[in-house]
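Each chain, letter by letter, is given below.
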Amino acid sequence: MFDFICVLVTFAVVLLMAAAISAKTGLSAGTAPLFVMAGTMVFYTLFGFFDLLLAAGIAWFALGALALVWLVRQRKNINFSQLVTPSSVFFVAVGVVVIAYLAIRQPIPMEWDEFSFWSIAPKVVKTTGHMYTAVPGNLRVTTYVPGLILLDQAFQFLGTGFVAWKVFAAYDLLMLAIFAAVFAMLEKKDWAIAAPMSVLCLLTPFLLTVYLRVIYVSTVYMSSYADIPMGLLFGGAVAFYFAQQKKTPIALVGAVLIVTAESLTKDMGFALALIAAALIGFDLLFVEKSEVVLFKLRSWWAKIGWCVLLVVGPFAAFFGWAKHMSVFLNVSRFEVGGAEEMGMVQLVFTGIIELFSPNKSEKFVQVMDNMTRAFYADSLSMFSLGSGQSSNLLLRLLNGSGLIVVCVILTLLLISFLCGDRRHKIRTAWFALLSSLGFVAFYIFNAFMYVYVFKDFQAEALVSYNRYIYPYYLGWFLMALALVATALKHTGPANVARLLLLLIAVGGIWRFTSFVRPQLCIIDYPDSYFSEMRRKSANVAAAKAVMDEDDKVFFVSQGDDGMAWFVYYYEFYPMLTDYSLGGGTLSADAQLTELAVPNGLTEQQHKEYVGMKLTRENFQRYLTDTGCTKLYFDKVDGIFEENYGDLFTDGLAAVKNGETNLYEVSGAGDALRLSPVDMGGVR
């Protein structure tokens, strides 16, 4: 209950800020929440660059208090009814429901990359009060941009400890703010348009990322991965701009904030932010005819000034984080690394040159061919009636591929074009052209990444293709919906396009229910889905209860693929878990690679450990040199018992009998032994 109240209070502060900004500046009430959420990401990141997160939290809540004071003092001069619109009501109502639901069900992270970064980084930030770059510990990933991590910190700030479901709440509220901006131009009388729009927006993360009938629980709306929020925020930036009837300074400040926030979601967010900035900038320069102001600048010069700021924002964030990485991690952000060890600029120019060169490498040709085939052959959405393997030609074409998604988006833009006034037709036509070119550029850039960053076998298989491509589709789809909403706003209630929108929403529900059952998604997932992870968490909690704060844990999970180490590093934090060769089977033949050698060794020790086999004697030496004081078992097998069993005072009887998972290290070198620690039994 306490954590629920803390998140509800933070949400209330977001609403107060949004209300104050809207009432003071005339910013559309439905877009004000996105202004605040994106602003929060940028605000916290600015403080985060200097590792001043406590100051950021205090200052953020102080701004909320000032917003409350201003609203109270100006209450007689504010027309509060103007703050009540279909999109603002949607944001408040669904936001409260989401917070309450997550507080009751309390989902937890389940995926590999959540434990390697997207959930452990927020835990590090909340637990230590510092940036994850300032206290990296044994984190294997520390260079990812911090925007979403620090948005979560805003919602974690109130409370005594890290709470996993708050991460999902922060991300979900950001997505709801984006959805609200998509139809923020609609008024109270436009509820017949707002209702199907809200349904389509809520279904968008499912429609464009799920492509197979779900047999396991879908983690949409219960994930800390950045891909979906990044894609939606990309669309939110342009939708926010389209929703503003007048391009006032505050509206354009909001656009700058959102594209800047987009660049802070993930490294690929920088590319999407620049595309969003280009789409907004072109429309502002060549389509928008209303008066635009930037300080004392007017008209054309003001528009140029805003276009510059739209680009400066993401670049400032990019270079700011690059400087932070250099200072805190001594790492260059400009080195992409990977198979060819290229810098970022070099990668782009090399790719462009090879793209137009008659002499292309075999890998380049293969990747381009595979990317072309994937565009029309690989399913990645719910917009399908068949599959690429169907014997029926029509069903084979309607396979939910990128080609089908693009056709759906262009259909929405056609509706917008046909229903809009002359100015809107021009806006839609230019947007259709430029956003399509943006997609081509984004698609080719991803192809370059496969060619120059990925290993040959990964490039050949187009590893994680859907995750890299669907963020653009997500944003593009929302932009198209925003244009449709604007066009339909000026049509009559009997207009056939409104009926078509309703049918599209019903179609979206049909596709969703065809792919996902309520019991296999956030709507009504079974508690058993999280039971194994909760069991592991409970065992770690029991172990931590009998450990000292300065203990260091060596982790054993025989036969594991490496994920277990990340899971237990997350669970044990802030207690330090040794890298322990990254998990997997330990034996006398297990060899320490450069990656597996632990931090904190002397240069001489480091050289000695690279290539060393983990014999019984070397295992004793490893535990001594790394300062490990405890050993924790997730899985033990005969191989481990055969190689190291005599080091344990009970011959591993306690762990095999389920009495404990925890052993204490005593002695050093050849005299090192391990004895069981009573942790109250094992679940």
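Residues numbered from 1 in each chain as written. Predicted model: local features only at pLDDT ≥ 70, side-chain atom pairs only at ≥ 80, totals over all residues. Heavy atoms only, no water.

A. A look at the overall build of the protein. In terms of regular secondary structure, the protein is built from 27 helices and eleven strands. Taking 26 Å as the expected radius of gyration for a compact globule of 683 residues, we find that the protein reaches 27 Å, a close match to that expectation. Along the first, second and third principal axes, the C-alpha set of the protein runs to 85 × 70 × 50 Å. Pairs at least 24 apart in sequence give 73% of the contacts found in the protein among residues at least 6 apart. Carbon and sulfur atoms make up 63% of the accessible area of the protein, which totals about 28,100 Å². Side-chain charges of the protein comprise 49 positive and 52 negative groups, with the mean position of each set lying 16 Å from the other. (Helix = DSSP H or I, 4+ residues; strand = E, 2+ residues; numbered from the N terminus. Rg over C-alpha atoms; globule rule 2.2 N^0.38 Å. Contact = heavy atoms within 4.5 Å. Areas by Shrake-Rupley, 256 points an atom, 1.4 Å probe, with all protein chains shown as cover. Lys, Arg positive; Asp, Glu negative; His and termini not counted. Charge placed at Lys NZ, Arg CZ, Asp CG, Glu CD.)

B. Structural context of the pattern of salt bridges. Under the definition given, this model contains 21 salt bridges. For the salt bridge of Asp190 with Lys189, the shortest nitrogen-to-oxygen distance reads 3.5 Å. Note on Asp190: relative accessible area 2%, which makes it buried. Residue Lys189 is classed as exposed on the basis of its relative accessible area, which comes to 55%. With its nearest N and O atoms 3.1 Å apart, the salt bridge here joins Asp551 to Lys630. With Asp551 in the loop between helix 22 (531-545) and strand 7 (552-557) and Lys630 in strand 9 (residues 630-635), this pair connects stretches of sequence that are 79 residues apart. Judged by its relative accessible area of 6%, Asp551 is buried. Taking the relative accessible area as the measure of exposure, Lys630 reaches 6% and is therefore buried. Shared partners join several salt bridges into a network, and the residues in it are Asp113, Asp227, Lys266 and Arg467. (Salt bridge = Lys/Arg side-chain N within 4 Å of Asp/Glu carboxyl O. Buried < 20%, exposed > 50% of the residue type's maximum accessible area, 1.4 Å probe, protein only.)

C. Just the packing of aromatic side chains, in detail. Summed over all chains, the structure comprises 62 aromatic pairs. Taking 5.2 Å as the distance between ring centres and 85 degrees as the angle between the ring planes, the aromatic pair formed by Phe117 and Tyr132 counts as edge-to-face. Of this pair, Phe117 sits in helix 5 (residues 112-118) while Tyr132 sits in the loop between helix 6 (120-128) and helix 7 (147-156), placing them 15 residues apart in sequence. For Tyr132, a relative accessible area of 0% corresponds to the buried category. (Phe/Tyr/Trp six-rings, centres within 6.5 Å; stacked < 30°, edge-to-face > 60°.)

D. Inspection of the pairing of strand 10 (residues 662-666) at higher detail. Bridging between strand 9 and strand 10 involves three bridges; their strand directions are antiparallel. Bridged to Leu631 within strand 10 is Tyr663. Here strand 10 pairs with strand 11 (residues 673-676) via four bridges, running antiparallel. From the neighbouring strand, Glu664 faces strand 11, where its bridge partner is Ser675. (Pairing = 2+ DSSP bridges.)

E. Here's a closer look at the environment of Leu403. Take Leu403: it is sitting in helix 17 (residues 402-419). Taking C-alpha positions, Leu403 is 43 Å from Leu16, a pair spaced 387 residues apart along the chain. Setting aside its immediate chain neighbours within four residues, Leu403 contacts Phe375 and Tyr376.

F. Representation of the packing of helix 8 (residues 164-182) against helix 9 (residues 191-207). The contact between helix 8 and helix 9 brings their axes to 9 Å, and the two run at 130 degrees. As summarised for this structure, helix 8 and helix 9 are arranged oblique, according to the angle between their axes. You can see that helix 8 and helix 9 cross each other, and the crossing is right-handed. Counting all contacts with helix 8, which are made through Leu176, Phe179 and Val182, the residues of helix 9 involved are Cys201, Leu202 and Pro205. Each residue belonging to the contact of helix 8 with helix 9 can be placed in one class, and the counts come to six nonpolar, no polar and no charged. (Axes fitted to C-alpha atoms, helices over the stretch in contact; angles between N-to-C directions. Parallel < 35°, antiparallel > 145°, perpendicular 65-115°, else oblique. Left-handed = near helix turned anticlockwise from the far one by under 90°. Nonpolar A, V, L, I, M, F, W, Y, C, P; charged D, E, K, R; others polar.)

G. Geometry of the sheet that holds strand 11. Pairing is mixed in the open sheet, where five strands are placed in the order 8-7-9-10-11. This sheet does not close on itself; its edge strands, each paired only once, are strand 8 (576-577) and strand 11. Pairing analysis gives two bridges linking strand 7 to strand 8, with the strands arranged parallel. Each residue of the ladder has a partner; that of Lys552, found in strand 8, is Leu576. Where helix 25 (residues 616-626) meets the sheet, it contacts strand 7, strand 9 and strand 11, and its direction lies at approximately 145 degrees from that of strand 7.

H. Highlighting a nonpolar patch on the surface. Taken together, the side chains of Leu499, Leu500, Leu502, Leu503 and Val506 define a hydrophobic patch exposed on the protein surface, amounting to about 440 Å² of accessible area. Here Val506 is to be found in helix 21 (residues 496-515). Classification of Val506 as partly exposed rests on a relative accessible area of 47%. (Patch = residues over 30% accessible without salt bridge, like charges linked within 9 Å, V, L, I, M, F, W, Y side chains within 5 Å.)

I. Just helix 2 (residues 32-48), in detail. With 17 residues, helix 2 extends 24 Å from end C-alpha to end C-alpha; this agrees with the ideal 24 Å at 1.5 Å per step. Counting buried positions along helix 2 yields 14 of 17 residues, so the element is predominantly enclosed. (Expected span 1.5 Å × (residues − 1).)

J. Just the environment of Val259, in detail. By the secondary structure assignment, Val259 is in helix 11 (residues 249-263). Look at Val259 and you get buried, because its relative accessible area is 0%. The spacing of Val259 and Val311 is 52 residues in sequence and 8.5 Å in space, taken between C-alpha atoms. With near-sequence residues (within four places) excluded, Val259 lies in contact with Ala237, Ala273, Ala276, Ala277, Ile280, Leu310 and Pro314.

K. Broad picture of unusual backbone geometry. Cis rather than trans, the peptide bond between Tyr573 and Pro574 has omega equal to 15 degrees. Within the secondary structure, Pro574 sits in the loop between helix 23 (563-572) and strand 8. A positive phi angle, close to 55 degrees, is found at Asn330, a residue other than glycine. Note that Asn330 resides in the loop between helix 13 (299-329) and strand 3 (335-337). Judged by relative accessible area, Asn330 falls into the exposed class, the value being 69%.

L. Structural detail: the nonpolar core. With 240 residues, the main nonpolar core has Tyr132 and Phe648 as its most contacted residues. Every residue in contact with Phe648, bar those within four places of it in the chain, is listed here: Leu631, Phe633, Phe640, Tyr663 and Leu674. Listed in part, the seven residues of the second largest apolar core include Ala19, Ala20, Ile78 and Leu83. (Core = buried A, V, L, I, M, F, W, Y, C linked by side-chain atoms within 4.5 Å.)

M. Summary view of the side chain of Ser357. Mapped onto the elements, Ser357 comes out in the loop between helix 14 (344-355) and helix 15 (362-377). With relative accessibility at 18%, the residue Ser357 sits in the buried group. Within polar-contact distance, the side chain of Ser357 engages the backbone nitrogen of Asn359 at 3.1 Å. (Polar contact = N/O pair within 3.5 Å; in protein donor to acceptor, adjacent residues only side chain to side chain.)

Geometric descriptors of this kind do not, in isolation, establish any biological role.
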